Amino acid sequence: MTTSTDVAVIGAGAAGMMAAATAGQRGRRVVLIDHYKDLGEKIRISGGGRCNFTNIHATHKDFLSRNPDFCRSALARYTPRHFVALVDQYRIAHHEKTLGQLFCDESAKQIIAMLKAECDEGRVTWMRPCGVSAVAKTASGYRIDTEQGAIECASVIVATGGLTVPKIGATPFAYKLAEQFGLAIVPPKPALVPLAMDDKWLARYGELSGASLEVEITCGGGKFREAMLFTHRGLSGPAVLQASSYWQMQEARDPLHVNLLPGTDAAAFLAENRRSPATLGALIAERWPARFIQAWCEEHEATRPIVQLAERKVEELARALNDWKLQPTGTLGYNKAEVTLGGVDTRGLSSKTMEAREVPGLYFIGEAVDVTGHLGGFNFQWAWASGRAAGEAA
Ligand code: FDA
């Protein structure tokens, strides 16, 4: 059986449902296809089940891409305020947790239900679960071969996301399709991901698993003051997840620069306490967990009273306190990552519509594209904004 429609959207995640609803509500006939058994699974598990659905401070500066300006247009036309207005229209209670991050009070399932209702209002035809085997150009548009028959359509919007969490349906479909139609791919990598440390480091700090402290991490142009969490494999927590994206962006695997006393000039602090009979650990007991103080001070041979330390040792400690260099061995991979860095190269796409410049009628949106947000609701905002842009154009 062959279905004829105006727009086929492949991938019914955040971006795909937004695009399908937008195109459908414009009066376009839309078919929305997804191969996974559950709808919007990544939305359901997001934000600890409460979905951090946007960030009220989102601007193009919160995104990583080979072309940092690409996301500007779509983000400016569909802002966090627009999405919050939609959430309010559905009476979904929400709150700001921290740093502009908006979460549902109750459940991420409310966002899925809202997007589904928006698609239904646009009379979107659902095809799920339904695998796609091929997409080909025809004289009048595209032909999509699926498990439930063929679809003839004028436009195809590809919203199949990145490679994160393969067990809930992630595939490289978007990258393969982009390559089939001659578009370039920025090599994908796991991002917003915990980092692994070597055995020697873990022998000292691995036992701190579960402990966290506020730090400022600088890495490859990114700087984040948030919590760093010790795990049995290495490091996690918001500051490390944020830094991981920048660490993954660099060619060389430079170390992370961790400021253990953010806001404090360690050299001045130690100079003030130069005659103190207390140990460094005792002086900073309120700022760090006790187990970390012990492990760090042992590693840095700083267990004696400060007054007894040689001048060179004090200088060395001051440097290490404000710039503790940590060399990860790698990341914990796509199963533990929140997003995929890289993807369809934005040079091949229109920033206004997300349409492939050289392939009329073919669009790429959401995480499949080389636009990756910081932690904190930015990735969903990109999904909504890019989905909206394509849905208005297709
Ligand atoms: P998404 O991955 O949502 O959807 C892609 C869809 O395509 C899926 O339904 C999939 O089944 C389908 N698909 C894939 N291959 C296919 C194929 N070959 N054929 C048919 N269908 C196919 N972001 C944020 O802003 N706030 C947050 O709180 C969180 N929290 C969070 C937690 C966790 C654990 C993860 C893993 C991720 C987050 N994120 C997040 C990131 C956010 O979930 C992500 O950026 C968006 O879901 C991306 O939306 P997309 O629609 O592009 O892809």
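Residues numbered from 1 in each chain as written. Predicted model: local features only at pLDDT ≥ 70, side-chain atom pairs only at ≥ 80, totals over all residues. Heavy atoms only, no water.

## Brief notes about helix 5 (residues 109-121)
For helix 5, built from 13 residues, the straight-helix expectation of 18 Å at 1.5 Å per residue is met to within 8% by its first-to-last C-alpha distance of 18 Å. Within helix 5 the residues assigned to the buried category are Ile111, Ile112, Met114, Leu115, Glu118 and Cys119. End-on, the buried residues of helix 5 take up no more than an arc of 160 degrees, which puts them together on one face. Summarising the geometry of helix 5, the exposed residues directed more than 90 degrees from the buried face are Lys109 and Glu121. In the stretch just after helix 5, Arg123 is the one whose phi turns positive, near 55 degrees. (Helix = DSSP H or I, 4+ residues; strand = E, 2+ residues; numbered from the N terminus. Expected span 1.5 Å × (residues − 1). Buried < 20%, exposed > 50% of the residue type's maximum accessible area, 1.4 Å probe, protein only. Arc of directions from axis to C-beta.)

## Thoughts on the sheet that holds strand 16 (residues 256-259)
Taken in spatial order, the 7 strands line up as 17-16-13-14-15-12-18 in an open sheet, and their pairing is antiparallel. Edge strands, defined here as strands with exactly one partner in the open sheet, are strand 17 (324-326) and strand 18 (330-331). For strand 13 (residues 212-219) and strand 16, the ladder comprises 3 bridges, and the chain directions are antiparallel. Note that in strand 16 the partner of Glu216 across the bridge is Asn259. Where helix 8 (residues 238-249) meets the sheet, its contacts fall on strand 12 (195-196), strand 13, strand 14 (222-230), strand 15 (234-236), strand 16 and strand 18, and the angle it forms with strand 14 comes to roughly 125 degrees. (Pairing = 2+ DSSP bridges. Contact = heavy atoms within 4.5 Å. Axes fitted to C-alpha atoms, helices over the stretch in contact; angles between N-to-C directions.)

## So, the site of the ligand
Close to the ligand lie 29 residues; Ala15, Asp34, Thr171, Glu367 and Phe380 are nearest. At the level of secondary structure, the elements contributing two or more residues to the shell around the ligand comprise helix 1 (14-25), helix 2 (41-45) and helix 13 (378-393). Considering each element in turn, the shell around the ligand owes the most residues, 3 residues, to helix 13. Considered class by class, the residues forming the shell around the ligand number 12 nonpolar, 13 polar and 4 charged. (Near = heavy atom within 4 Å. Nonpolar A, V, L, I, M, F, W, Y, C, P; charged D, E, K, R; others polar.)

## Topic: the environment of Pro80
Within the secondary structure, Pro80 is located in helix 4 (residues 80-89). In this structure Pro80 comes out as buried when scored by relative accessible area, which is 10%. Through-space distance from the C-alpha of Pro80 to that of Thr54 is 6.1 Å; in sequence the pair is 26 residues apart. Once residues within four sequence positions are removed from consideration, Pro80 is found in contact with Thr54, Asn55, Ile56, Ala58 and Gln381.

## So, the pattern of salt bridges
This model, assessed by the stated rule, comprises 14 salt bridges. In this structure, Asp145 and Arg143 form a salt bridge, with 3.0 Å as the shortest nitrogen-oxygen distance. Two residues, Lys313 and Glu316, come together in a salt bridge whose shortest N-O distance is 2.9 Å. On the criterion of helical spacing, the pair formed by Lys313 and Glu316 is a turn pair, its members being 3 residues apart in helix 12 (residues 311-322). Taking the relative accessible area as the measure of exposure, Glu316 reaches 38% and is therefore partly exposed. A network of salt bridges, in which partner residues are shared, links Arg143, Asp145 and Glu152. (Salt bridge = Lys/Arg side-chain N within 4 Å of Asp/Glu carboxyl O.)

## So, helix 6 (residues 173-180)
Among all positions in helix 6, only Phe173, Ala174, Tyr175, Leu177 and Ala178 are buried. Just beyond helix 6, the residue with positive phi is Gly182, at close to 85 degrees.

## Examining the pairing of strand 19 (residues 339-344)
Counting buried positions over the 6 residues of strand 19 gives 6, a clear majority of the element. Across 5 bridges, the pairing between strand 11 (residues 185-191) and strand 19 is antiparallel. Paired with Val186 across the two strands is Gly343, which belongs to strand 19.

## Details of unusual backbone geometry
Residue Arg128 is joined to Pro129 through a cis peptide bond whose omega torsion reads -10 degrees. Its identity is not glycine, yet Cys51 carries a phi of approximately 50 degrees, on the positive side. A positive phi angle is found at Arg123, which is not glycine, with a value near 55 degrees. Position of Arg123 relative to the elements: it lies in the loop between helix 5 and strand 7 (125-127). Among the residues examined, Arg123 registers a relative accessible area of 72% and is labelled exposed.

## Overview of the side chain of Thr340
Of note, Thr340 is situated in strand 19. A residue is classified by how much of its surface remains accessible, and Thr340, at 0% relative accessible area, is buried. Here the side chain of Thr340 touches Leu163 through a polar contact of 2.8 Å, landing on its backbone nitrogen. The residues contacting Thr340, other than those within four sequence positions of it, are Gly162, Leu163, Thr164, Tyr175, Pro188, Lys189, Tyr334, Glu367 and Thr372. (Polar contact = N/O pair within 3.5 Å; in protein donor to acceptor, adjacent residues only side chain to side chain.)

## Description of the UniProt feature "domain: RsdA/BaiN/AoA(So)-like insert" (unreviewed entry) in the chain
The feature "domain: RsdA/BaiN/AoA(So)-like insert" (unreviewed entry), as given by UniProt, occupies residues 189-339 in the numbering adopted here. The span residues 189-339 is 34% helix and 23% strand, and its two end C-alpha atoms sit 9 Å from each other. (UniProt positions renumbered as here; feature names shortened; annotations may be inferred.)

## Considerations on the domain arrangement of the chain
Entries for the chain in the domain assignment read domain 1 (2-190 + 338-393) and domain 2 (195-331). Each of domain 1 and domain 2 has a C-alpha centre, and these two points are 39 Å apart. Both faces considered, domain 1 and domain 2 share a buried interface measuring about 910 Å² in area, 60% of it formed by carbon and sulfur atoms. Our count for the contact surface shared by domain 1 and domain 2 stands at 0 salt bridges. (Domains from an automatic or database assignment. Buried area = accessible area lost by both parts, 1.4 Å probe.)

## Points about the side chain of Thr5
Of note, Thr5 is situated in strand 1 (residues 2-10). Engagement of the side chain of Thr5 in a polar contact is seen with the backbone oxygen of Arg29, the distance being 2.7 Å. For Thr5, the contacting residues outside a window of four places in its chain are Arg29, Val30, Val31, Ile151, Glu152, Cys153 and Ala154.

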